[in-house]
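# Fold and contact review
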Amino acid sequence: MNRMSEQHLVDIDGSVLEGGGQILRMALCFSVLTKTPVRISNIRQGRKKPGLAAQHLAGVELMRDICAGRVHKATLGSTEIEFYPGHIGEGRFVGHIQTAGSIALLLQAALPVALFSSGPVTLDLRGGTNTDLAPQVDFLTEIFRPNMERFGASFDFDLIRRGYFPKGGGQCVVEVRPVQSLRPIVLVEMGRVNRVFGWSFVAGVLPLKIAHEMSSGAKSILGQMSGHRAADIEVYKESVDMAPEGNCSGIIVGCETSTGVILGGSALGEARKKSFHSGEEAAREIQSAVLAGACVDRHVQDMMIVLMALADGKSRIRAEPLTMHTRTAIYVTELMTKAKFNTIEENGLNVIIECDGIGLRNVNLPNATRLQ
C-alpha cells in the first residue's frame, strides 16, 4: 500500500460553523474522492458530548473499508482522527452502528463515494431508521433521491427492518451503480403545486389514532397549498416483522410541482407534543419552501452541495436562505476541492446557489455511464 506521509495531511477544524458530525462526514467523503489524507480535529466540538459517538465511528470505519484506507485514533470519544484514503473498491460493505444512530447519515456520507467506485457497491447499513436530529430513511428515498437523480445518479433501497430509539436494530441494504460523471443541473423555477403526498405511521404499542392525528395536522396546512386537491397521506401501523422492537410514530410529507420540483418535510412524534402539531410541523417545512419559491426544501438544500461540487459544469438551484448545514457544507467543499460557490440573494425570500463543479471523472470505471 502507498503510505502517504504525514506532512501531506490537510487539517480540518471540526469546531467551525455547524460544529457537529457533518464536518467529519464531508471531510471524509472529499478525502476519499480527491485522494487527500486529512487530519480532523475538534470533532463535534459544538455538541454537549464532543468526539466520535457510535454513529460517527461506524461512518469512519465504513469510509475506510470502501476505499481500503487507513485511519488513526478512531475510537469512541476521539476528538481527532487521521484518515489516509486508498482506492475506491466495489462489493459489499457493512456500516453497523451499535446504537439507534442514524442509518440515513451513514448513507449520506457513503453515497457520493460509492458513485465513483470501480463497480457496483452494496451498502449494508444497520442502526436507526427513523431517529431524531437526522433525516428519516423514507425522506432520503422519497424526497432526496429524485433530486439526486437530476445529476444522473441513483440508488436502489431495500428496507429490511425498522430501528427506533433507543435500541436501533434497523437494517437497510442500498445498491449503488457507479457513474462516469455527474451532470450539472439548473433548478430555479418552482412552478405550482400539483400533488401532495405522504406517509404517517405508528409502531409498537402506539395506537393508530396517533398516525391519523399527525395526518390531519399535516393536511390542515397542506390543504391551503394544493387548492382543491386533497393531500394523499397513507396512514398505517408497521407490522411486527418490520418493526420488531420499540415504539415510534412519524410522518413524511412531500409535494410535486408543475416543473417537477419535489419538496419534503418530516417529523417524529413526541410524548410531550400533540400528534396534530407534529403533522403541522412536517407540513410547515414544505409550506416554508413554497412561500419562498424554493426548488429544494431546507433539508435537501445542504445535501445538494456535494453533488453540485462534483458535477461537470455550472449548477444553479433556487433555495430558501442558507441553513447553517448548507453554509458548513460549502465551507468544507471549498476547503477540500476547487469547486466555487456563489450565492445570489433574491428579494429576501430565496437565494440562487451557483456552483462551478470540478467535473470529477470516475477513473476507476472507464465504461461507467450516466443514467438517462
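Since the structure is predicted, the reported quantities are computational estimates derived from the model, not experimental observations.

Cut-offs applied
- Residues numbered from 1 in each chain as written.
- Predicted model: local features only at pLDDT ≥ 70, side-chain atom pairs only at ≥ 80, totals over all residues.
- Heavy atoms only, no water.
- Axes fitted to C-alpha atoms, helices over the stretch in contact; angles between N-to-C directions.
- Helix = DSSP H or I, 4+ residues; strand = E, 2+ residues; numbered from the N terminus.
- Parallel < 35°, antiparallel > 145°, perpendicular 65-115°, else oblique.
- Left-handed = near helix turned anticlockwise from the far one by under 90°.
- Contact = heavy atoms within 4.5 Å.
- Nonpolar A, V, L, I, M, F, W, Y, C, P; charged D, E, K, R; others polar.
- Salt bridge = Lys/Arg side-chain N within 4 Å of Asp/Glu carboxyl O.
- Buried < 20%, exposed > 50% of the residue type's maximum accessible area, 1.4 Å probe, protein only.
- Pairing = 2+ DSSP bridges.
- Core = buried A, V, L, I, M, F, W, Y, C linked by side-chain atoms within 4.5 Å.
- 1 Å grid on protein atoms, 1.4 Å probe; cavity = no way out; pocket = protein on both sides within 12 Å on 5 of 7 lines; lining within 4 Å.
- Points joined across faces, edges and corners; volume = space filled by probe spheres on them.
- Expected span 1.5 Å × (residues − 1).
- Phe/Tyr/Trp six-rings, centres within 6.5 Å; stacked < 30°, edge-to-face > 60°.
- Lys NZ or Arg CZ within 6 Å of the ring centre and 35° of its normal.

## Some thoughts on the packing of helix H1 (residues 21-34) against helix H8 (residues 324-336)
A packed helix pair is summarised by two numbers, namely the angle formed by the two axes and the spacing between the axes. Viewed as axis vectors pointing N to C, H1 and H8 meet at an angle of 30°, and their least axial separation amounts to 10 Å. Put simply, H1 runs roughly parallel to H8. The handedness of the crossing between H1 and H8 is right-handed. Here Gln22, Ile23, Met26, Ala27, Phe30, Ser31 and Thr34 of H1 come into contact with H8, specifically with His325, Thr328, Ala329, Val332, Thr333 and Met336. Residue composition of the contact of H1 with H8, by class: 7 nonpolar, 6 polar and no charged.

## Let's talk about the pattern of salt bridges
Counted under the stated rule, the structure contains 21 salt bridges. Ionic pairing is found between Glu238 and Arg162, a salt bridge with its closest N-O pair at 2.9 Å. Taken as a pair, Glu238 in the loop between strand S11 (232-237) and strand S12 (248-257) and Arg162 in the loop between strand S7 (155-161) and strand S8 (170-176) lie far apart in primary sequence, 76 residues in all. Taken as a pair, Glu238 and Arg162 share a single burial class, namely buried.

## Re the sheet that holds strand S5 (residues 91-96)
With respect to topology, 4 strands assemble into an open sheet ordered S5-S6-S8-S7, the strand pairing being mixed. Edge strands, defined here as strands with exactly one partner in the open sheet, are S5 and S7. The mean inter-strand angle of the sheet, taken between neighbouring strand axes irrespective of direction, is 15°. In the sheet, S5 pairs with strand S6 (residues 121-127) via 6 bridges, with the strands oriented parallel. Pairing of Arg92 across the sheet is with Thr122, part of S6. Across the sheet, helix H2 (residues 54-66) is in contact with S5 and S6; its angle to S5 comes to roughly 165°.

## Considering the pairing of strand S4 (residues 81-84)
Going residue by residue along S4, you find Ile81 and Phe83 tucked away on one face and Glu82 and Tyr84 tucked away on the opposite face as well. Across 3 bridges, the pairing between strand S2 (residues 38-41) and S4 is antiparallel. Paired with Arg39 across the two strands is Glu82, which belongs to S4. The sheet contact formed by strand S3 (residues 70-72) and S4 spans 3 bridges and is antiparallel. For Val71, the partnering residue across the bridge sits in S4 and is Phe83.

## Re the nonpolar core
Grouped together as the largest cluster of nonpolar side chains are 111 residues, with contacts concentrated most on Leu123, Leu182 and Leu222. Looking at this core, the element that brings in the most residues is helix H3 (residues 103-115), giving 10 residues. If sequence neighbours within four positions are ignored, Leu123 has contacts with Leu62, Ile66, Phe93, Leu107, Ala110, Cys172, Val173, Val174 and Val176. Core analysis: the next-biggest nonpolar cluster, separate from the first, contains 8 residues, Phe201, Tyr236, Cys248 and Leu268 among them.

## Quick look at empty space enclosed by the protein
For the structure on display, the rule yields 1 cavity of 30 Å³ or more. Size it by volume and the largest cavity reaches roughly 80 Å³. Every element with two or more residues in the lining of the largest cavity is listed here: H1, H2 and H3. At 5 residues, H2 tops the list of elements feeding residues into the lining of the largest cavity. For the lining of the largest cavity, a count of residues per class yields 7 nonpolar, 3 polar and 1 charged.

## Digging into the packing of H1 against H2
For the pair H1 and H2, interaxial distance at closest approach is 10 Å and the crossing angle is 0°. Overall, the two elements H1 and H2 adopt an arrangement that is roughly parallel. For the pair formed by H1 and H2, the contact residues are Gly21, Leu24, Arg25, Leu28 and Cys29 on the first element and Gln55, His56, Val60 and Met63 on the second. Across the contact of H1 with H2, the residue classes tally to 5 nonpolar, 3 polar and 1 charged.

## Re H1
Along its 14 residues, H1 runs 20 Å from first to last C-alpha, staying within 8% of the 20 Å computed at 1.5 Å per residue. In terms of burial, H1 is largely enclosed, as 13 of its 14 residues are buried. Phi turns positive one or two residues past the end of H1, at Lys35, with a value near 55°.

## Describing the packing of aromatic side chains
Enumeration over the complete set of coordinates arrives at 2 aromatic pairs. Seen in terms of ring centroids, Phe197 and Trp199 are 5.9 Å apart; in terms of plane orientation they differ by 75°. Their pairing is edge-to-face. Taking the centre distance of 6.3 Å and the plane angle of 35° together, the rings of Phe201 and Tyr236 count as tilted. In this pair, Phe201 sits in strand S10 (residues 193-203) while Tyr236 sits in strand S11, placing the two residues 35 residues apart along the sequence. Across this residue pair, the class does not change: Phe201 and Tyr236 are buried. Sitting over the ring of Tyr84, Arg70 keeps its end group 4.5 Å from the ring centre. The ring of Phe201 has Arg162 sitting right over it, with the charged end atom 5.9 Å from the ring centre.

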